[in-house]
Amino acid sequence: MLECVGTNFSDTMKCSIWKYVLALAATGAVGTVMLGVSKVAVDSARSGEVSPELSGSDAEQVAQAILRQKCADCHGPEASYSKFWNALSFGKLARDVDGAQRAFKMVPDLEIRSANVDYLKMDHVLRTRRMPPASYTMVHLGSRLTPLDVSILRNRYKEQGAELRRFAPISPASEPETEWDRARIRLGQLLYHNGALSTNNQISCASCHDLTKGGTDNRSKSEGVPGADGLPQLGGVNAPTTYNTAGNIRQFWDGRAADLKEQAGGPPLNPVEMGYSKPEDWAEIADKLAQDDEIRTLFALVYGGDGITGDTITDAIAAFEKTLVTPDSAFDAYLKGNKNALTEKQKKGLESFVNRGCATCHSGPALGGISFEYINTHGDMRASAAPENYQEGAFGLRDFTKREADKDMFRVPVLRNVALTAPYFHTGSVQTLEEAVRVMCDSQVGGSVSDAEVESIAAFLRAQTGKLNGRPLQALKPEETNPYLAKPTAQ
């Protein structure tokens, strides 16, 4: 790709002129290819549908040409712009390209973002005609997408993403197939609620991820083991839910754990959370757990000679957490065909949720969890949703990868049961769902939002509360989730 970075004004100007000549020529070439491939009616293009005559390899050839000659200038791996024209636009070109790279790349990184999210992002901006910005096309000739371009690309993404879906009902957890599976899940449930994982024998997974509180503790920051002053130490970020997280792209806000098993191994060896700090500390934890007859028996049954180790402990906890799936919300019923499952207000909220682009990142069965996104697309979320001088866990994925490009990228939270998980965001400083919606509209979506629209979106999000083992989450009692509190069955 021609990049206009000349050593003087004359070189830059010549390069820019040639680039735009080539861009115009390329645009003409694309048009020639399209005409040669198929005769597509104008009405068909305007309606957003491509003629059946343009399909298969022909449609793909044209789509690839459009992507290379137009979209790649901002979204390609070698995106570039003229420094001369950027100066004349007061930096607008640089900001556009930088924003494009942050939002969507034509060569996806599946460690950062699910292909499903990429497809939905592309479809949204094509459908709303938000890209490329008019101010960009004024100085970057040939980049404007025609109605036919939009039609071809939208259909191309639909064809490529046969599994592409904005929403889907969340499926119940799979039933254990064998007694071994049941034993492993039972063991994981006991460990999840067992304080022996902590140095003071008081802090368990359930302390911060209470299943009767939406899988959280409803605190801005969770309380760990006592510090030197005898007071509980506070974690660095708001505890995310453990419900519906098996499908997350990675675990934790900053993605430092690849899966639930690796995530389960983090808190016990965190000096602030559960108090231990070294891998060899698992031996002490194992000795304490072995004093429980049921736990000792289950470890022998499930893991045999492997015994009680950090590896087997975290494996069992992960097996239990995979069962923490909450189907049967009002929204699930709506997706399955019951159009009366949502109120009119919730339906309006759903419409806004989709049209404003919220459903690109908060997509899939869990409504999120499958991508990392920047928290400052249109505004500064840190300024509007963080306490003053907030620093801990402040930079998301960068805290894990140490790459400056990952600064301010956070794993998108799932929105299932979100009405139960306040306070919100990694800072835990936003107390209400309505306030959280407004912050997201300001910082991630852009544009003004009315009180009525905020209320309708919040109403839609309240339709996400599901059930655990047939019981509504908001009605769960501690003895229904904590095996140590379960009432003995009458004989």
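Cut-off values and rules
- Numbering of residues begins from 1 in every chain and follows the order in which that chain's sequence is written.
- Two thresholds apply to this predicted model, a pLDDT of at least 70 for residue-level local features and 80 or more for giving and counting side-chain atom pairs, whereas whole-chain, interface and lining totals are computed over all residues.
- By convention in this description, side-chain values take in all heavy atoms of the structure and omit both hydrogens and water.
- Two strands are counted as paired when DSSP detects at least two bridges linking them.
- In this text, helices come from DSSP runs of H or I with a minimum length of four residues, and strands from runs of E with a minimum of two, each type numbered from the N-terminal end.
- Any Lys or Arg side-chain nitrogen located within 4 Å of an Asp or Glu carboxyl oxygen qualifies as a salt bridge.
- Any residue under 20% of the maximum accessible area for its type is buried, any over 50% is exposed, and the rest in between are partly exposed; the area is computed with a 1.4 Å probe on protein chains only.
- Two rings belonging to Phe, Tyr or Trp (six-membered ring only in the last case) form a pair when the distance between their centres is within 6.5 Å. Interplanar angles under 30 degrees mark stacking, angles over 60 mark edge-to-face geometry, and anything in between is tilted.
- You can read pLDDT as the predictor saying how much it trusts each residue, on a scale of 0 to 100.
- Whether two residues touch is decided by their heavy atoms; if any such pair falls within 4.5 Å, the residues are in contact.

1. So, the pairing of strand β1 (residues 223–226)
At step 1: Alignment of β1 against strand β2 (residues 232–234), held across two bridges, turns out to be antiparallel. In the strand pairing of β2, Pro226 is matched with Pro232.
At step 2: With antiparallel pairing between neighbouring strands as the criterion, β1 and β2 make up a hairpin whose turn holds five residues, including Gly230 at a positive phi of roughly 85 degrees.

2. What about the pattern of salt bridges?
At step 1: Applying the stated rule across the entire model yields 25 salt bridges.
At step 2: Two residues, Arg250 and Glu111, come together in a salt bridge whose shortest N-O distance is 3.5 Å. Of this pair, Arg250 sits in the loop between β2 and α11 (260–264) while Glu111 sits in the loop between α5 (92–103) and α6 (115–128), placing them 139 residues apart in sequence.
At step 3: Judged by its relative accessible area of 13%, Arg250 falls in the buried class.
At step 4: Here Arg416 makes a salt bridge to Asp332, at a shortest N to O gap of 3.0 Å.

3. Points about the packing of aromatic side chains
At step 1: With the rule as written, the count across this model stands at eight aromatic pairs.
At step 2: Between Phe331 and Phe460, the aromatic rings sit 5.1 Å apart at their centres with planes inclined by 90 degrees, giving edge-to-face as the arrangement. With Phe331 in helix α15 (residues 330–335) and Phe460 in helix α21 (residues 451–461), this residue pair connects regions lying 129 residues apart in the sequence. We note that Phe331, like Phe460, is buried.
At step 3: Note on Phe353 and Phe460: the rings are 5.2 Å apart at their centroids and 55 degrees apart in plane angle, and the pair reads as tilted.

4. Looking at the confidence of the model for the chain
At step 1: Averaged over all residues, the pLDDT of the chain is 84; the fraction at 70 or higher stands at 82%.
At step 2: Across residues 1–52, where pLDDT falls below 50, the model places 73 contacts with residues more than four positions away in sequence or in other chains.

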